[in-house]
Amino acid sequence: MYYIGIDIGTTSICGVRYNSEACNGCSEENSDEVSLKTITLPNDSTISGNNYDERLQDPQRIYEIVVGILDNLLQDGKEVMGIGVTGQMHGMLYTDATGNAVSPLVTWQDGRGNRKINDTETYAEAMTRITGYPVATGFGLLTHYYNSLNNLVPHGASRISTIMDYVVMKLTNGSVPVIDSSNAASLGVFDKTELRFDAEALGKLNIDTRLLPVVASGKTAVGYYKNIPVFPAIGDNQAAFIGSVADREEAVHVTVGTSSQISVYSPQYIELPELDTRPLPGGGYIIVGAELCGGYSLTLLKNFFSEVLKHISGDTPTDDEIYACMATMPRGGEAPLTVDTRFDGTRQDPAKRGGISGISSTNFLPGNLVEGFLSGISIALYDYYKLLPASIRENKKMIVASGNGLRKNLRLREVFEETFSLPMTLSDCREEAAYGAARYASLMES
């Protein structure tokens, strides 16, 4: 039986169609078109904002790209039993009473929540203090809180929606966004044990709860696209976990792309400092530690080497050439360099910055700098892992890795294995989130 998964990423949009009966793990290198077909297109929906820290996209353009991918995956007549959707979490847009967008998508990267609401607090800090729920800039209800206090809620706004819930609503000709708890939690002020928005806490901010999307319950399709059931969209972190991890009890899921994340399954809700516990579709939770600078740390280092070469020689090698050189630079000296890769801060402390320490007269070498960056990426996630209860950590036997940062960098994988003292395997499918959404649709349909 065939299922389709759509992943609405910030920079690209991917669709996969897989055969649940023929595809076991869906290794793209070893599968044929019958078991797995993938289409990835650029997300070219970016809109310029009025302020430097605004990050906006056009929801209608995103919908058009999704429809194009869906119709392509459906055109050869395979009988598709269900469609699952995932995508970038936290962001929000406004829709009117008929389900049409009346605002741009304000993405998870938007910075307005870090602006000052008064002399001592940012909007994020004020909202956290008032509600008791930790929120960070880019969280949808924090964006709405900022907009409501600054008269930026558009005329005719009837509902708040994530981008993937908007796409599901449009695909099924609906007028009210329906949201899975994995997405709802990413908007903020969501009770993760009761799986509902906290109306009392939102009331302290004078937020009208009638604007909230409807939280889905059960295995019910939202509607149909060309007679195919479309199920509520799920968070991309959870979708990637579902698409990567075969044994959730024994595996640690690590992703290194632009950012980096570590995700570990827990059957019960656990609240831990610096970690985010997120509802997992189908039951249970994943405990997540997220870094804003993961693979992007290596991009910064590559850019540094590029600038040095340009100023010294007047010629700049390609990015691939610089990365290849970085992989073979010799290491040396009596001690390693220590690199803190939190160059863009953290969600809890946006003002925090990274650093390089342990420099001596013998170890300040380009190769040691590369090795320090690799270690810094792995240590940042390992520090989150150490916060987990021993009862969860003691059962882990492997790391399942996804994301191009790990897939393309053998030495980074080796560093992770050394840091965690666990063997690492790559996830079978490169488009883990889209594949996870398709797998989830198959579970919902069954």
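Quantities reported herein were computed from a predicted structural model and do not represent experimental measurements.

By the element assignment, Lys 37 lies in strand S3 (residues 36-42). Of the side chains bearing the opposite charge, Asp 76 lies closest to the buried Lys 37, which forms no salt bridge; the N-O distance is 4.5 Å. The residues contacting Lys 37, other than those within four sequence positions of it, are Gly 15, Val 16, Arg 17, Asn 72, Leu 73 and Asp 76.

Tallied over the full model, the rule gives zero disulfides. Summary of cysteine pairing: Cys 14 is not part of a disulfide, and the nearest cysteine sulfur, belonging to Cys 429, is at 7.6 Å. According to the relative accessible area criterion, Cys 14 is buried, its value standing at 2%.

Spatial ordering of the open sheet is given by S19-S20-S18-S17-S23-S24, a layout of six strands whose pairing is mixed. The two strands at the open ends of the sheet, each matched to only one other strand, are strand S19 (276-279) and strand S24 (424-426). Along the sheet, successive strands turn relative to each other by an average axial angle of 30°, direction set aside. Pairing of S19 with strand S20 (residues 285-291), which is carried by four bridges, proceeds in the antiparallel orientation. In the sheet register, Asp 276 faces S20, and the bridge partner there is Val 288. Contacting strand S17 (251-256), strand S18 (260-266) and S20, helix H10 (residues 366-385) runs over the sheet at an angle of about 145° to S20.

We now examine the side chain of Arg 413. In this structure, Arg 413 sits in helix H13 (residues 410-420). One buried charged residue, Arg 413, remains without a salt bridge, the closest side chain of opposite sign being Glu 417 at 7.1 Å. If we ignore the near neighbours within four places in the chain, the residues touching Arg 413 are Leu 406, Arg 407, Lys 408, Met 424 and Leu 426.

A few words on the packing of aromatic side chains. Under the definition given, this model contains twelve aromatic pairs. Both rings, one in Tyr 123 and one in Tyr 145, keep their centres 6.4 Å apart while their planes meet at 75°; by these two values the pair is edge-to-face. In this pair, Tyr 123 sits in helix H2 (residues 123-131) while Tyr 145 sits in helix H3 (residues 140-149), placing the two residues 22 residues apart along the sequence. For the pair Tyr 123 and Tyr 145, one class covers both residues: buried. Judged by centre distance (5.2 Å) and plane angle (80°), the ring pair of Phe 190 and Phe 197 falls under edge-to-face. Of the two residues examined, Phe 190 and Phe 197, each falls in the buried class.

Despite not being glycine, His 90 has its phi angle at roughly 80°, a positive value. Within the secondary structure, His 90 is located in the loop between strand S6 (80-87) and strand S7 (93-95). Even without a glycine there, the phi angle at Ser 421 is positive, about 55°. Turning to its location among the elements, Ser 421 is positioned in the loop between H13 and S24. Residue classification places Ser 421 among the exposed residues on the basis of a relative accessible area of 61%.

Throughout the structure, instances matching the rule amount to 21 salt bridges. One salt bridge in this structure joins Arg 115 and Glu 54, with 3.7 Å as the shortest N-O distance. Here Glu 54 lies in the loop between strand S4 (46-47) and strand S5 (56-57) and Arg 115 lies in the loop between strand S8 (105-106) and H2, a separation of 61 residues in the sequence. Among the salt bridges present, the one from Arg 411 reaches Glu 418, with a minimum N-O distance of 3.1 Å.

A few words on the nonpolar core. What tends to happen in soluble globular proteins is that the nonpolar side chains get buried as a cluster. Ranked by internal contacts, the top residues of the largest apolar core, which has 37 residues, are Val 254, Ile 262, Leu 388, Leu 406, Phe 416 and Phe 420. Of all the secondary structure elements, the ones that give two or more residues to this core are S17, S18, helix H8 (296-313), helix H9 (319-328), H10, strand S23 (398-402) and H13. No other element matches H10, which puts eight residues into this core. Setting aside residues no more than four positions away along its own chain, Phe 420 makes contact with Ile 262, Ser 378, Leu 381, Tyr 382, Tyr 385 and Ile 399. If you look at the next biggest cluster of nonpolar residues, it comprises 32 residues, including Val 67, Ile 83, Leu 93 and Ile 228.

On the basis of which strands lie adjacent, the open sheet formed by three strands has the order S4-S5-S8 and antiparallel pairing. The sheet is open, and its two borders are formed by S4 and S8, each paired with just one other strand. The sheet contact formed by S4 and S5 spans two bridges and is antiparallel. Note that in S5 the partner of Thr 46 across the bridge is Gln 57.

What follows deals with helix H7 (residues 236-244). Most of H7 sits out of view: eight of its nine residues are buried. Three or more residues of H7 are buried, namely Asn 237, Gln 238, Ala 239, Ala 240, Phe 241, Ile 242, Gly 243 and Ser 244.

For the rest of this paragraph, the subject is the packing of H10 against H13. The geometry of a pair of packed helices is captured by two quantities: the angle between their axes and the separation between those axes. Running from amino to carboxyl end, H10 crosses H13 at an angle of 40°, the nearest separation of the two axes being 9 Å. With respect to H13, the element H10 is oriented oblique. Helix-helix and strand crossings are classified by hand; for H10 and H13 the assignment is right-handed. In this structure, H10 uses Glu 371, Leu 374, Ser 375, Ile 377, Ser 378, Ile 379, Leu 381, Tyr 382 and Tyr 385 to contact H13, whose residues at the interface are Arg 411, Leu 412, Val 415, Phe 416, Thr 419 and Phe 420. Split into classes, the residues belonging to the contact of H10 with H13 amount to ten nonpolar, three polar and two charged.

Quick notes on the rules
- Residues numbered from 1 in each chain as written.
- Predicted model: local features only at pLDDT ≥ 70, side-chain atom pairs only at ≥ 80, totals over all residues.
- Heavy atoms only, no water.
- Helix = DSSP H or I, 4+ residues; strand = E, 2+ residues; numbered from the N terminus.
- Buried < 20%, exposed > 50% of the residue type's maximum accessible area, 1.4 Å probe, protein only.
- Lys, Arg positive; Asp, Glu negative; His and termini not counted.
- Salt bridge = Lys/Arg side-chain N within 4 Å of Asp/Glu carboxyl O.
- Contact = heavy atoms within 4.5 Å.
- Disulfide = S-S within 2.5 Å.
- Pairing = 2+ DSSP bridges.
- Axes fitted to C-alpha atoms, helices over the stretch in contact; angles between N-to-C directions.
- Phe/Tyr/Trp six-rings, centres within 6.5 Å; stacked < 30°, edge-to-face > 60°.
- Core = buried A, V, L, I, M, F, W, Y, C linked by side-chain atoms within 4.5 Å.
- Parallel < 35°, antiparallel > 145°, perpendicular 65-115°, else oblique.
- Left-handed = near helix turned anticlockwise from the far one by under 90°.
- Nonpolar A, V, L, I, M, F, W, Y, C, P; charged D, E, K, R; others polar.

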